[in-house]
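Given next are the chains, with one letter for each unit.
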Amino acid sequence: HVYQAEIESLEFADWQLAAPDTKPPPITVATGPLEATWVDTPQVLQQLTMRLESAKEIAVDLEAHNYRSFGGITCLIQITVGATDSTPRSDNFLIDPFPLWKKLGVALG
């Protein structure tokens, strides 16, 4: 596998493997449009990177175009960052990867 070395060398913090102390709250369905930050400049990408550095929970969804392409091309990255002690609400980000293509690996890695 192309990522075998990375997978075998992964190390997790204790908090990442610990069972939660409490049951998570029930999932609620939004009744209106969700707010999201559109990320298409290096400045907004840096804001997202700083938000991710303090996150313990994130959700990621990728949208890809694979017509006439074996591997597909990521066309949209959706990230939701969970609430923390310092940020009491979750934040949604929609990333346009094309204008940031060469910066995404460093910023999101």
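Refer to the preceding data block for the structure.
This structure is a prediction, so every number in the text was calculated from the model and none was measured.

**Q** What exactly am I supposed to notice about the overall build of the protein chain here?
**A** Helix and strand content of the protein chain: 4 helices and 4 strands. Sequence-ordered secondary structure for the protein chain, helices as α and strands as β, is α-α-β-α-β-β-β-α. Seen through its principal axes, the protein chain has C-alpha atoms that stretch 45 × 40 × 25 Å. Looking at the protein chain residue by residue over its 109 residues, the buried ones come to 21%. At a minimum sequence separation of 6, the contacts of the protein chain that also span at least 24 residues come to 47%.

**Q** Would you mind showing me how to read the pairing of strand β2 (residues 58-65) here?
**A** Looking along a regular strand, one sees side chains alternate from face to face of the sheet. In terms of burial, β2 is a largely surface element, 0 of the 8 residues being buried. Bridging between β2 and strand β3 (residues 73-81) involves 8 bridges; their strand directions are antiparallel. Paired with A64 across the bridge in β3 is T74.

**Q** Just to check I follow, could you spell out a nonpolar patch on the surface for this structure?
**A** Taken together, the side chains of V2, Y3 and I7 define a hydrophobic patch exposed on the protein surface, amounting to about 360 Å² of accessible area. By secondary structure assignment, the location of I7 is in helix α1 (residues 4-8).

**Q** Hey, could you run me through the nonpolar core in this one?
**A** As a rule of thumb, nonpolar side chains are buried together in soluble globular proteins. In terms of nonpolar packing, the biggest core is built from 14 residues, with V39, L45, L48, I79 and I95 touching the most fellow members. Counting only elements with at least two residues in this core, the list comes to α3 (42-53), β3, β4 (91-95) and α4 (104-108). Per element, the largest residue contribution to this core is 4 residues, and it comes from α3. For L48, the contacting residues outside a window of four places in its chain are V39, I79, F93, I95 and L108.

**Q** I'm lost on the sheet that holds β4 in this one. Help?
**A** Pairing within the open sheet is mixed, and its 4 strands lie in the order β1-β4-β3-β2. Strand pairing shows two members of the sheet lacking a second neighbour, β1 (37-39) and β2, which therefore form its edges. Strand-to-strand twist in this sheet, taken as the mean axis angle between neighbours without regard to direction, amounts to 20°. Bridging between β3 and β4 involves 5 bridges; their strand directions are antiparallel. Opposite I79, over in β4, you have F93 as the bridge partner. Where α3 meets the sheet, its contacts fall on β1, β2, β3 and β4, and the angle it forms with β1 comes to roughly 115°.

**Q** I'm lost on α3 in this one. Help?
**A** Every α-helical turn comprises 3.6 residues, leaving residues that sit three or four positions apart pointing alike. The terminal C-alpha atoms of α3 lie 16 Å apart, and with 12 residues this matches the ideal 16 Å at 1.5 Å per residue to within 8%. All buried positions along α3 are accounted for by V44, L45, L48, T49, R51 and L52. An end-on view of α3 places all buried positions within 160° of arc, on one side of the element. Pointing more than 90 degrees away from the buried face of α3 are the exposed residues Q43 and E53.

Cut-offs and rules
The residue numbers shown here count from 1 along each chain, following its written sequence. With pLDDT at 70 or above as the cut-off, local features in this predicted model cover only qualifying residues; side-chain atom pairs require 80 or more to be listed or tallied, and sums for whole chains, interfaces and linings still use all residues. Processing note: side-chain calculations cover all non-hydrogen atoms of the structure and skip hydrogens and water entirely. Only DSSP runs of H or I with at least four residues qualify as helices, and only runs of E with at least two residues qualify as strands; both kinds are numbered from the N terminus onward. The buried label goes to any residue with under 20% of its type's maximum accessible area, the exposed label to any with over 50%, and the partly exposed label to all in between, with areas taken from a 1.4 Å probe on protein chains only. By definition in these notes, contact holds between two residues if any of their heavy atoms fall within 4.5 Å. The criterion for strand pairing is that DSSP finds at least two bridges linking the strands in question. Exposure above 30% relative accessible area and no salt bridge define the residues that can form patches, which grow by joining like charges within 9 Å and nonpolar side chains of Val, Leu, Ile, Met, Phe, Trp and Tyr within 5 Å. The Shrake-Rupley method, run with a 1.4 Å probe sphere, supplies the accessible areas, and residue values consider only the shown protein chains as cover. Here, a salt bridge means any Lys or Arg side-chain nitrogen found within 4 Å of an Asp or Glu carboxyl oxygen. Within this scheme, the nonpolar core is defined by two criteria: the residues are buried Ala, Val, Leu, Ile, Met, Phe, Trp, Tyr or Cys, and they are joined through side-chain atoms within 4.5 Å. Lines fitted to C-alpha atoms define the axes, with helix axes restricted to the stretch in contact, and inter-axis angles between N-to-C directions lie between 0 and 180 degrees. The length a helix should cover is 1.5 Å for every residue beyond the first. Here the arc refers to the directions that run from the helix axis out to each C-beta atom.

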